[in-house]
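Descriptive structure summary
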Amino acid sequence: MPYYYPLLRLNKDQRRPIIEGLQRLRQGFRTPGADIVPIPQRDLSSRLLIATWNIREFDSGKGGRRTEEAIYYIAEIIDQFDIVAVQEVREDLDALQRLMSALGKHWDFICTDVTEGAQGNGERMAFLYDTRKVQFAGLAGELVIPAKFDSLQFARTPFVTSWKAGWAKFSLCTVHILYGKALANDERRVREIELLVELLGDRTRERIVDRGGTKVKAKGENLVLLGDFNIFAKGDATMAALIKDQRFEIPPALQRIPGSNVDKNKHYDQIACGTYKERFEPTDRAGVFDFYQYVYREADAQRFADQHTPEQYRQWRTHQMSDHLVMWQEFRIDFTDEYLVGLETAERVGG
């Protein structure tokens, strides 16, 4: 639960609309509209909720500094999950630090430095996680393309990290693939996704590795790619590149959801799981959470009418929240029953 106490610094008139927005959000998590999967209630052991969210220019100040209202809404949403990959965190970490304060001391984060260059856009990749449920397992690195693969480099370097939760050990790689030209299949965008899959795909399968001059068989790795792939439609070459050679797959529950942009007609954001799975399995529960049904609604435009016309308001609110919705997938991480069955037939160990 986020740390609400600082709301008392506001007077009652300032506080009331924020509280009402938080109440609508909390109801919306569990009882959304028709054909929308409710976000499951979190627990400490059996299921893991992983989300990805491109929080627009967080926080460049382009649309004005994030208000306390927006920070509380973002915190309330993130608190529904166990670990969240966040894209578009900017060089100035003030907004992120404010968000972490609102989330409370049991939340932590790990992020990259900014990617230099015009195409890097001064962005960082970040993971926010609830330390009561998820442990950082020590691996953190930005993915660089070896010259033997291509002379191209990622416009924004993907961020690979390792984690532990329950029975599961897994790696997450968050990305913000180049947008480039406003075309469904910009060539460089397709190539970035192809190289990402090529570089990480082998980790999802059993393989032979060299350990001190000895060739040994290594198990596959639980690996998930997630983030903003700038995929326009499911039938595009960008999506084909992501699931090429079946190294990664989109869980069935995610294949059924609408788009992840505000208009729900683009499939920019994705969560793709490696085909190797050991004590880490996606369930049939996944979705996209449309926070604009509950906060910064069309009906709320009048509250900001002295600052923005209705058209300006629609843009301004995306700089307070985002122009991307939150995508999430549930994973099973408790395999006690299978383990106990295995013990029934296992050979005795020791005296």
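In the block above lies the structure referred to throughout.
The paragraphs below set out a description of the structure included in this document. Source: prediction; values computed, not measured. (Residues numbered from 1 in each chain as written. Predicted model: local features only at pLDDT ≥ 70, side-chain atom pairs only at ≥ 80, totals over all residues. Heavy atoms only, no water.)

The next subject is the sheet that holds strand β1 (residues 47–58). Taking strand neighbours across the sheet as the criterion, the six strands line up as β3-β4-β2-β1-β14-β13 in an open arrangement whose pairing is mixed. A strand with exactly one partner marks an edge of an open sheet, and here the two such strands are β3 (107–111) and β13 (281–289). The average undirected angle you get between the axes of adjacent strands in this sheet is 20 degrees. Pairing between β13 and strand β14 (residues 326–332): six bridges, direction antiparallel. Paired with Glu-281 across the two strands is Arg-332, which belongs to β14. Where helix α3 (residues 94–103) meets the sheet, its contacts fall on β1, β2 (83–90), β3 and β4 (123–130), and the angle it forms with β3 comes to roughly 155 degrees. (Pairing = 2+ DSSP bridges. Helix = DSSP H or I, 4+ residues; strand = E, 2+ residues; numbered from the N terminus. Axes fitted to C-alpha atoms, helices over the stretch in contact; angles between N-to-C directions. Contact = heavy atoms within 4.5 Å.)

Here we take up helix α2 (residues 68–78). Buried residues dominate α2, accounting for 10 of its 11 residues. Those residues of α2 that sit buried are Glu-69, Ala-70, Ile-71, Tyr-72, Tyr-73, Ile-74, Ala-75, Glu-76, Ile-77 and Ile-78. (Buried < 20%, exposed > 50% of the residue type's maximum accessible area, 1.4 Å probe, protein only.)

Before going further, it helps to spend a moment on the packing of helix α1 (residues 12–30) against α2. The geometry of α1 relative to α2 is characterised by a closest axis approach of 10 Å and an angle of 20 degrees between their N-to-C directions. When the interaxial angle is binned, α1 and α2 end up roughly parallel. Note on packing geometry: the crossing formed by α1 with α2 is right-handed. The residues of α2 that touch α1, namely those facing Pro-17, Ile-18, Gly-21, Leu-22, Leu-25, Arg-26 and Phe-29, are Glu-69, Tyr-72, Tyr-73, Glu-76 and Ile-77. Residues that form the contact of α1 with α2 fall into these classes: eight nonpolar, one polar and three charged. (Parallel < 35°, antiparallel > 145°, perpendicular 65-115°, else oblique. Left-handed = near helix turned anticlockwise from the far one by under 90°. Nonpolar A, V, L, I, M, F, W, Y, C, P; charged D, E, K, R; others polar.)

This part takes up the side chain of Asp-79. Structurally, the position occupied by Asp-79 is in the loop between α2 and β2. What makes Asp-79 buried here is its relative accessible area of 8%. Other than its neighbours up to four places away in sequence, Asp-79 contacts Met-1, Pro-2, Arg-42, Leu-103, His-106 and Trp-107.

Once that is clear, we can look at the environment of Ala-299. Mapped onto the elements, Ala-299 comes out in the loop between β13 and α7 (310–320). Considered as a pair, Ala-299 and Glu-281 are 18 residues apart in the sequence and their alpha carbons are 40 Å apart.

In this section: a nonpolar patch on the surface. Taken together, Tyr-3, Tyr-5 and Leu-8 make up a surface patch of nonpolar side chains, about 380 Å² in accessible area. On the basis of relative accessibility, which here comes to 56%, the residue Tyr-5 falls in the exposed class. (Patch = residues over 30% accessible without salt bridge, like charges linked within 9 Å, V, L, I, M, F, W, Y side chains within 5 Å. Areas by Shrake-Rupley, 256 points an atom, 1.4 Å probe, with all protein chains shown as cover. Salt bridge = Lys/Arg side-chain N within 4 Å of Asp/Glu carboxyl O.)

Any functional reading would require information that these geometric values do not contain.
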